[in-house]
Amino acid sequence: MLSLKNISVKYGSFAAVHGLNIEVKEGEIVVLLGSNGAGKSTTFRAISGLNKPAEGEILFEGKSLNKVSADKIVQLGIGQCPEGRKLFPAMSVQENLRMGAFVHRRKKDEIKKSLQHVYQLFPILHDKKDDAAGSLSGGQQQMLAIGRALMSKPKLMLLDEPSVGLAPLIVEQMFEVIQQINREGTTILLAEQNANAALKIADKGYVFESGSIVLQGTSQELFANDEVRKAYIGA
Amino acid sequence: MSKVQRIAILVLILLAIIFPIISQNDYFIHVMTLSFIWMIGVYGLNLLAGYTGYLSLAHAGFFAIGAYSLGLLTVKAEMNFWPALLLSLVITGVIGFFVGLISLRTKEHFFAIYTLCVGYIIYLVIDKWDSLTEGVRGLIGIPAPANIGPLSFETLQSHYYLVLFFLLLVVLIMYRIVHSLSGRTYIAIRNSEDLAQTIGISTMKNKLTVFVISTVIAGLSGALYASFVRFIGPDIGSIAIVFDFLTYLLVGGIGTLSGPIVGTILIVVLSQRLQFLQDYRMLVFGPVLTLLIIFYPRGIVGAVVSWTQKRKASVHQPIIRAKKLPEEQVKEG
């Protein structure tokens, strides 16, 4: 569904990531593991079109994304939930969700259905639908960010560190929901530092270190790998 | 809109309508009409700077383009006022489109500096292109708006109502834009352009649309000014005018719907009151403006809004607290 072929992304002359090869098949959950600054977010920015790759090619359903602008990429079916729960803090929860359906803005009925769907996944958002997004707790903001990404009905959803700064109990809930979204037919590419939680739900993973992939394999393989255990699971 | 707001707006409109009847003082009516014209221009600036986050300092230039288009079309081409007004808006919009196309490639302070230069270039063109604009001599004898059937706009009072009509129209348009998906799209762009793009908003297309709308409104303000004052010189495109606009906007509240009205009225009335101080008035305005920006970055209206929100929040707080507590414990635990 999505493949990155030999991708490098540069900020000025500095290559934030280089020589990336990533394959995501339809229906999978794929996780990118790595510490801060390893290049996970940059990879996401490249896929969503915010930073164009300096080298290599990104293919989505067989089409090259290299020359497609970020807003068109959303229309093609790649939804992004950016890192740090970026919301529109002054808008209400429901307005945030509606903004997520921007690419479907003409289809009012579909938006209603999507709203219902998001509220089913996250009932708390329904309770708070008229509250300002900025007034929500960290976990709720993350739910809203995921919900907003869902509103564009993506075929592939990019989730950048959904667990960051959340309590363990909330993290668990979050990953359950991600799994459910995946079962309902959305392919998921996930960036995480929380390898333990992520590998439990993922099909396969890539391990990033200073801008390139140093290890890849199925979740079981990575879970059993000593280095991964040492670096990310702490056991 | 709450009921209180509705009533307040109705009262304000009524006050504006009866003002020339109670006042009878031509000077006050003149000042009010001018304020309304400024307000229209400030609304143009507000849509772009306040809601979309792009501070354009070229708006005095577009104000002047609107004024000069109307002036030249009516004086030199001897067109009827109304088609000339329409055409001057089109001219402003077309120039706005091309300026936007280039300037919107820059951001933040680069955008401000770039548009400042554009504004100055517009001023220079008007000042130096003697054969077209009459240069420093200015354009004299711009006619009052032509009659519409039995309606004539020769008297000061009738002109006042005409400008008031356009102001209300602009406010209505602004209200509709801000409370529509387009308005939220612009706010999203102000919030974060990257984020706006990742939900599928074409930022360039939207920014350009706002830029053109906002220049057309500035042009409308300029055209009304030209037909009201009947004389225009290159000074109306000078940098000082755009900073006047900006002061009105900042004092009233940037990114608020009523900010342009509040700020303009307040500053215009104050500067009339403080006229005995001559240019030393600026010694008063400067520090007050600085303090205002430090403590109330969203102006008077912004301060009032956040104050009422806080008050509401404190009334409801016990309930929210009770709901929130268990979750906070979970978070800490």
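This text follows the structure it describes.
Throughout what follows, the structure given in this document is the object of discussion. (Residues numbered from 1 in each chain as written. Chains lettered and ligands numbered in written order. Predicted model: local features only at pLDDT ≥ 70, side-chain atom pairs only at ≥ 80, totals over all residues.)

**Structural notes on the sheet that holds strand E5 (residues 63-64) of chain A**
Residues and elements named next belong to chain A.
- Taking strand neighbours across the sheet as the criterion, the four strands line up as E2-E1-E4-E5 in an open arrangement whose pairing is antiparallel. Of all the strands in the sheet, just strand E2 (14-24) and E5 have a single pairing partner and so form its edges.
- Of the pairings in the sheet, the one linking strand E1 (residues 2-11) to E2 comprises seven bridges and is antiparallel in character. Paired with leucine 4 across the strands is isoleucine 22, a residue of E2.
- The strands touched by helix H1 (residues 40-47) within the sheet are E1, E2 and strand E4 (55-60), with E2 carrying the most contacts at an inclination of about 70°. (Pairing = 2+ DSSP bridges. Helix = DSSP H or I, 4+ residues; strand = E, 2+ residues; numbered from the N terminus. Contact = placed C-beta atoms within 7 Å. Axes fitted to C-alpha atoms, helices over the stretch in contact; angles between N-to-C directions.)

**What about the interface of chain A and chain B?**
- Listed per partner, the contact involves 22 residues of chain A and 17 residues of chain B.
- Elements represented by at least two residues in the side of chain A that touches chain B include exactly helix H2 (70-76) and helix H3 (93-100) of chain A.
- Ranked by residue count, the leading element in the side of chain A that touches chain B is H2(A), at four residues.
- Looking at the side of chain A that touches chain B residue by residue, the classes come out as 11 nonpolar, six polar and five charged. (Nonpolar A, V, L, I, M, F, W, Y, C, P; charged D, E, K, R; others polar.)

**Here's the deal with the pairing of strand E9 (residues 204-209) of chain A**
Residue and element names in this part refer to chain A.
- Judged from the four bridges that link them, strand E3 (residues 29-33) and E9 form a sheet pairing that is parallel. Looking across to E9, one finds that valine 30 is bridged to lysine 204.
- As paired strands, E9 and strand E10 (residues 212-218) are joined by six bridges and run antiparallel to one another. Looking at the pairing, tyrosine 206 lines up with glutamine 216 of E10.
- Between E9 and E10, which pair antiparallel in sequence order, lie two residues; one of them, serine 210, sits at a positive phi of approximately 30°.

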